[in-house]
Every structure is written in structure tokens, then in C-alpha cells.
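# Observations on chain architecture
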Amino acid sequence: MVIDMTPPADAPQFLDANGWGGAVVAPLAGDASFRRYFRVTEGARHAVLMDAPPPHENPEPFVRIARWLADHGFAAPAILAADLARGLVLLEDFGDARMREAVDAAADRGPALYGAAIDILVDLHRHPAADVPAYDRAVLHREAGLFTEWYCPAVGLTVDTDGYRAAWDAVFDHVVTDAPVTVLRDYHAENLMLLPGDRLGLLDFQDALAGHPAYDLVSLLQDARRDVEPAIETMMIDRYRAATGVGADFDAAYTVLGAQRNAKIIGIFTRLWVRDGKPRYPTLCPRVWRYLARDLAHPALAPVADWFARNVPADRRGDPIVVARA
């Protein structure tokens, strides 16, 4: 599916009402949701226009969390203007320099950039969680269930869904916490922008929840979109551990959340192909399966690993488009 990057019809009126009349609006990016982004330029000024059209999208959480992050000293885009009813938000422009391309172009920058990303999480986790919904057992189950809901039917598997839920329920005690932190949920190298002063800017945090601190480390270090070297992953977990003093149970929590997130992502990427006509995302699934296989080897995941062994043969694991056609 080709994303229509024609600016929304009411963008000129919105921009004119907020002091950007006559600005040039150029396509910037679309993403896995219905949101689209445009760069707005007027002379030397530039900003980003987010189009998050109701009823598919609701920009209010992005605006609220962006302001919370900024109030707590984090580099979230400033909200320059917003019309929530229309789903239009004008944001500070963080430019085009992403952490992902910087690390891909120069691997020796990896330790410093990933270290900076870990330090943001250390700081974020020192604050009480934002006023966001809980990342509780019900949400964890709903997300893990995307695997059996979308991936399994797409590759022709009939599986034990009750057993799947029971297996996850047996391991979620490791990650349901009484001391939640703000979990940004899509914290990875493509959503971290390189800003002046060696700062990293934050994007794509509108789905934030209050949950276990290990989750965003998983998002960063088991990145569905790029390979993170195992040495970097180990180094960054050690960095977080040294800065926070987390206990021995952190490893089990990190691995359980790794498996949960990776199962969820495989389901989401399959849904993006089956439902939304976006075949690029299934091509990322083999990498996610590798992460999942490694996570399932941890003793804390034994019930879930047993379910996968009984229900998902090795030749049914991979890019769902390729598997479905085999």
C-alpha cells in the first residue's frame, strides 16, 4: 500500500490561524499507524505538522506526554499549536538526523549513542510515572495475543490459544510491578533524534504506559528494525544496572518482556500486511524471531517456550509472507 502524502485539506487554515500562513508543506514521513508527518517551512522557520486524523488516531496523548516529558527535562518536541478535533499538531522540528543512521554509518559511535539512550531511561525512571494507564497483566495478555490472532492464521497454524494464555500468565509475575515507571513503548534507534549539544530527542511516545522499567530497554536493545550487537546489549544492561542498582530479578523481567514484546511485534507486523496492505513489515520478522528464540531459552520462559515447541514448528517461524507461501 502506498501512503497518500497529500497534505490534509484543512492544513492551510490551521497553519494560517497559528501564524504560519503561506508556509510550504512538504511530505516528511508516514508510519505504521494512520499518522502522517509533513515539514512546514516559512522563510528561515521550520516545523513539523502531525496529521493524526480522528477517529483512527487521537493526538491528545502525544501532546500531553510531550509536555510532561519537557516539564521533566527531556527533549520532546515543543507543541507549537494543536487542533485536537482535527487531529492536527504543529511540532518543533528535530531535523532528519536519527540515531539509527548514525550508528549504521559508524559502528564505533554505538557505545556512546546507546549509552546516552540508556542514561535517558535511568533519568526517566527516577521520576514517578506520568499520569498514564497501567501496563498491567490485562494489557500484557492482549498484546501477546496478537501473535495467535494474526500470525498463526496467516501461516496456516491452528494452535492452543487457551494454553498460550495460560503459559504467559505463568510468567507475568516477573513483570507486574508495584513501582511502575513511565514506559515510552517504542523507544528505539529510529525514534531517537540527534540534537545539538549531544542530546537525543524523543519521538513516538503517545502510547506511553506505567509499567516495568525493563520494557524500554528491550525496545532499545532488541530492536525490530536493526541488529543490535550482543556485546552492546550486554554493555547497556550493565550500564543501567550499575546506575540504578536493580536486583537479580531484573534479568528475568528483561527476558520475559523481550519475549512478550517480540511475540507482539510478530503479530503486529503480520497484521500490517494482512489487514493494512503493508508488506514491508513482515520482512523484519526473521530478526524478531531470532530475538524471541533467544528469550525463550531463559528458564523464566519455560512455560512459554514449551507452548511454542508444541504449537509452532521451526519451518513455520519467519517472514509470514514467505512462510504462508511455502
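See the structure printed just above.
A brief report on the enclosed structure follows. Note that the coordinates shown come from a computational prediction; the quantities given were computed from them, not determined experimentally. (Residues numbered from 1 in each chain as written. Predicted model: local features only at pLDDT ≥ 70, side-chain atom pairs only at ≥ 80, totals over all residues. Heavy atoms only, no water.)

## Focus: the overall build of the protein
Looking only at helices and strands, the protein has 12 helices and 9 strands in total. Each of the three principal axes of the protein carries a C-alpha extent, and together these read 60 × 45 × 40 Å. For the protein, buried positions account for 53% of its 326 residues. Of the contacts made within the protein by residues no fewer than 6 positions apart, 73% connect residues no fewer than 24 positions apart. Here the protein displays about 14200 Å² of accessible surface, and carbon together with sulfur accounts for 54% of that area. (Helix = DSSP H or I, 4+ residues; strand = E, 2+ residues; numbered from the N terminus. Buried < 20%, exposed > 50% of the residue type's maximum accessible area, 1.4 Å probe, protein only. Contact = heavy atoms within 4.5 Å. Areas by Shrake-Rupley, 256 points an atom, 1.4 Å probe, with all protein chains shown as cover.)

## Comments concerning the pattern of salt bridges
For side chains bearing opposite charge, pairing can occur when the charged atoms are close. What the rule picks out here adds up to 27 salt bridges. When salt bridges with common partners are traced through the structure, they connect Arg98, Arg100, Glu101, Asp104, Glu190, Arg225 and Arg226 into a single cluster. (Salt bridge = Lys/Arg side-chain N within 4 Å of Asp/Glu carboxyl O.)

## Some words on helix 8 (residues 230-244)
Spanning 15 residues, helix 8 covers 21 Å between terminal C-alpha atoms, matching the ideal 21 Å at 1.5 Å per step. Every buried residue belonging to helix 8 is among Ile232, Glu233, Met236, Ile237 and Tyr240, and all of these are buried. On an axial view of helix 8, the arc spanned by its buried residues comes to 130°, and they lie on one face. Exposed side of helix 8, more than 90 degrees from the buried face: Pro230, Ala231 and Ala242 are the residues found there. If you follow the buried residues of helix 8, they end up packed against helix 4 (110-124), helix 7 (214-221), helix 9 (250-274) and helix 10 (285-296). (Expected span 1.5 Å × (residues − 1). Arc of directions from axis to C-beta.)

## Here's the deal with the environment of Asp119
Residue placement: Asp119 occurs in helix 4. Since its relative accessible area comes to 37%, Asp119 is described here as partly exposed. Reaching out from Asp119, the side chain makes a polar contact with the side chain of Arg239 at a distance of 2.8 Å. (Polar contact = N/O pair within 3.5 Å; in protein donor to acceptor, adjacent residues only side chain to side chain.)

## Comments concerning the packing of aromatic side chains
Within the structure shown, the criterion is met by 16 aromatic pairs. Centroid distance Tyr135 to Tyr215: 5.1 Å. Interplanar angle 50°. Geometry classified as tilted. With Tyr135 in the loop between helix 4 and helix 5 (137-154) and Tyr215 in helix 7, this residue pair connects regions lying 80 residues apart in the sequence. Note on accessibility: Tyr135 and Tyr215 belong to one class, buried. Linked through ring pairs, Phe147, Tyr151, Tyr164, Trp168, Phe172, Trp289, Trp307 and Phe308 together constitute an aromatic cluster. It is Arg45 that lies over the ring of Trp20; its NZ or CZ is 3.8 Å from the centre. (Phe/Tyr/Trp six-rings, centres within 6.5 Å; stacked < 30°, edge-to-face > 60°. Lys NZ or Arg CZ within 6 Å of the ring centre and 35° of its normal.)

## Some remarks on the packing of helix 4 against helix 8
At a minimum axis distance of 10 Å, the contact between helix 4 and helix 8 shows a crossing angle of 35°. Remark: the crossing between helix 4 and helix 8 carries right-handed chirality. Residues Gly110, Pro111, Tyr114, Gly115, Ile118, Asp119, Leu121 and Val122 of helix 4 pack against Ile232, Met235, Met236, Arg239, Tyr240, Ala243 and Thr244 of helix 8. (Axes fitted to C-alpha atoms, helices over the stretch in contact; angles between N-to-C directions. Left-handed = near helix turned anticlockwise from the far one by under 90°.)

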